[in-house]
Amino acid sequence: MKANEQNVRERPAFEVERVRRDFPILQRPVNGRPLVYLDTAASAQKPQIVLDEMTRFMREDYANIHRGGYALSQRSTALYDAAREKVARFIHAGDAREIVFVRNATEAINLVASSYGRHFLQQGDAVLITHMEHHANIVPWQLLRQEKGITLRVTPITDEGELDMEAFERMLTDRVKLVSVVHVSNSLGTVNPVQEIVRLAHARGIPVLIDGCQAALHMPVDVRDLGADFYVFSGHKVYGPTGIGVLFARLPLLEAMPPYQGGGLMIRSVTFEHTEFSPPPQKFEAGTPNIVGAIGLGAALDYVSSLGLANIRAHESALLAHGTELLREIPGVRLIGTAREKASILAFVVDGMDPQELGAALGRNGVAVRAGHHCTQPLMDRLGLDGTTRASIGLYTTREDLDALAASLRQVL
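Overview of the structure.

The rules we used
- Every residue gets a number counted from 1 within its own chain, in the order that chain's sequence is written.
- The predicted origin of the model limits local features to residues at a pLDDT of at least 70 and limits the giving and counting of side-chain atom pairs to 80 or more, whereas totals for whole chains, interfaces and linings rest on all residues.
- With hydrogens and water set aside, each side-chain value is computed from the structure's full complement of heavy atoms.
- Strands were regarded as paired on the criterion that DSSP finds at least two bridges between them.
- Secondary structure counts use DSSP, requiring at least four H or I residues in a row for a helix and at least two E residues in a row for a strand, with both numbered from the N terminus.
- The convention used is that axes are lines fitted to C-alpha atoms, helices contributing only their stretch in contact, and that angles between N-to-C directions extend from 0 to 180 degrees.
- Contacts: residue pairs with any heavy atoms within 4.5 Å of one another.
- By convention in these notes, a salt bridge is any Lys or Arg side-chain nitrogen within 4 Å of a carboxyl oxygen on Asp or Glu.
- The nonpolar core is taken to be a set of buried Ala, Val, Leu, Ile, Met, Phe, Trp, Tyr and Cys residues, with the residues joined through side-chain atoms within 4.5 Å.
- Residue exposure (1.4 Å probe, protein chains only): buried if accessible area is under 20% of the type maximum, exposed if over 50%, otherwise partly exposed.
- Here a helix's expected span is defined as the number of its residues, less one, multiplied by 1.5 Å.

### Section: the sheet that holds strand β13 (residues 333-336)
Then comes step 1: Spatial ordering of the open sheet is given by β13-β14-β17-β16, a layout of 4 strands whose pairing is antiparallel. The outermost strands of the open sheet, each flanked by one partner alone, are β13 and β16 (370-372). Between one strand axis and the next, the sheet turns through 30 degrees on average, direction left out of account.
Then comes step 2: Examined bridge by bridge, β16 and strand β17 (residues 388-392) share 3 bridges and lie antiparallel to one another. Residue pairing for β17: A371 is matched across the bridge by T389.
Then comes step 3: Sitting on the sheet, helix α12 (residues 309-328) is in contact with β13 and β14 (345-350), with an inclination near 10 degrees to β14.

### So, the pattern of salt bridges
Then comes step 1: Scanning all chains against the criterion turns up 20 salt bridges.
Then comes step 2: Here D95 and R97 are joined by a salt bridge, their closest N and O atoms 2.7 Å apart.
Then comes step 3: Between E162 and R340 there is a salt bridge, with the nearest N and O atoms lying 2.9 Å from each other. With a gap of 178 residues between them, E162 in the loop between β6 (151-155) and α7 (165-171) and R340 in the loop between β13 and β14 connect regions that are remote in the sequence.

### Side note on the nonpolar core
Then comes step 1: I91, F101, V179, Y231, V304, L395 and Y396 are the most contacted members of the largest nonpolar core, which totals 85 residues.
Then comes step 2: With 11 residues, helix α11 (residues 291-307) is the largest single contributor of residues to this core.
Then comes step 3: I109, V232, A249 and L254 belong to the second largest nonpolar core, which has 29 residues in total.

### A look at the sheet that holds strand β9 (residues 230-234)
Then comes step 1: Strand order in the open sheet formed by 7 strands is β4-β10-β9-β8-β7-β5-β6, and the pairing between neighbours is mixed. Looking at the sheet topology across the chains shown, the edges are occupied by β4 (99-102) and β6. Going across the sheet, the axis of each strand differs from the next one's by a mean of 20 degrees, ignoring polarity.
Then comes step 2: Relative to strand β8 (residues 208-211), strand β7 (residues 176-182) runs parallel, the two sharing 4 bridges. Residue pairing for β8: V182 is matched across the bridge by D211.

### Brief notes about α12
Then comes step 1: Taking 1.5 Å per residue as the helical rise, α12 with its 20 residues ought to reach 28 Å, and the 28 Å between its terminal C-alpha atoms agrees with that figure.
Then comes step 2: Listed as buried for α12 are L309, I312, H315, E316, L319, L320, H322, G323, T324, L326 and L327.
Then comes step 3: The inward-facing, buried residues of α12 abut α2 (16-20), α4 (71-90), α11, β13, β14 and α15 (399-412).

### Considering the environment of L379
Then comes step 1: Among the secondary structure elements, L379 is positioned in helix α14 (residues 377-383).
Then comes step 2: On the basis of relative accessible area, L379 is assigned to the buried category, the value being 0%.
Then comes step 3: Here the alpha-carbon distance between L379 and P193, two residues 186 residues apart in the chain, equals 18 Å.
Then comes step 4: When sequence neighbours within four positions are dropped, the list of residues in contact with L379 reads H131, M132, I157, S187 and L188.

### A closer look at unusual backbone geometry
Then comes step 1: Here the residue pair P280 and P281 is connected by a cis peptide bond, since its omega of 0 degrees sits within 30 degrees of zero.
Then comes step 2: With respect to the secondary-structure elements, P281 resides in the loop between β12 (275-277) and α11.
Then comes step 3: In this model, Y239 sits at a positive phi of 75 degrees, which is unusual for a non-glycine residue.
Then comes step 4: Tracing the backbone shows Y239 in the loop between β9 and β10 (245-249).

These values are about where atoms sit, not about what they do.
If you want it as structure tokens, here you go:
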């Protein structure tokens, strides 16, 4: 067992101050003030153990994977395959062959739209999404609509930011051939009842894609328990590197889907007349993959698993309640997204103040938040907003971080 793996497995119970020491960037000041990082929903910071493992791999084990008969290539291949196994265990997939490595969740959704959508959806078929989707779960279906003449249906939400489940069930007509829905809204923090969504869709024989970008780092995910046909998330949101993401798809679907791209490593044999493709998941991983990114993702999942997703969710839920109370006490601040089931997101507006200006003012005080439409422009239109200022919570967030946000808000206002 490598030293890093042993350190991860022997960690004590979740303690936020100890956890913060694992993240070098949190120790640096910004504008002469301690960094208050409240932008984990955009991209999570990286623990030292991930940085170390990626560097160690490049220094000691790196080579291109598959077909290399020498020791380094065989070692690199084994570590890459082990990373896929770690992802499968992390989301409780039944088979590592159901895990396809991609660049990010956006590419994963595009893969499903381009491969499954082009092959199985016909003119007049409908894809059912929701009003709270990220652009990555809207635009690929619009492109497919232009190409194949499918329709795109949108489930409405309430003013509080909850999915209208009665409307969702009514919209599951015979024309709907795929449901694609976010697990946790990146703009509102709403936790959608995805298990019930899957149950209703499957009762009508409709497969379901779940965008898990904002769920995989905050709560345990079991794709078999959820009944997901497709589940996607990005490595950089779950404390791993950028440039690596995951598509989970049930093996029979992957076997039936045509390749997404063509090139090396995804083939068994090629002639000028015919190509025989590799089985999944290699069929969907053309060319040299992000080997280092996969190693880093595996290390990040080891780290998160060592802390316990249930422990992380309990810690973050307490912080979400604390932050909600703090912001509600500030005159002029209006919270956006007040669903009964929420995770990690504190979005707000100040009437008469531009969210970008507010975010910049907080940033000058060392408080890092996101401002704008958060790649959910249709959602902002539904709420009658140009955008929001968004503070998002991670496993390293403290009560003091949220106190600093509230104090800075009061100062700015």
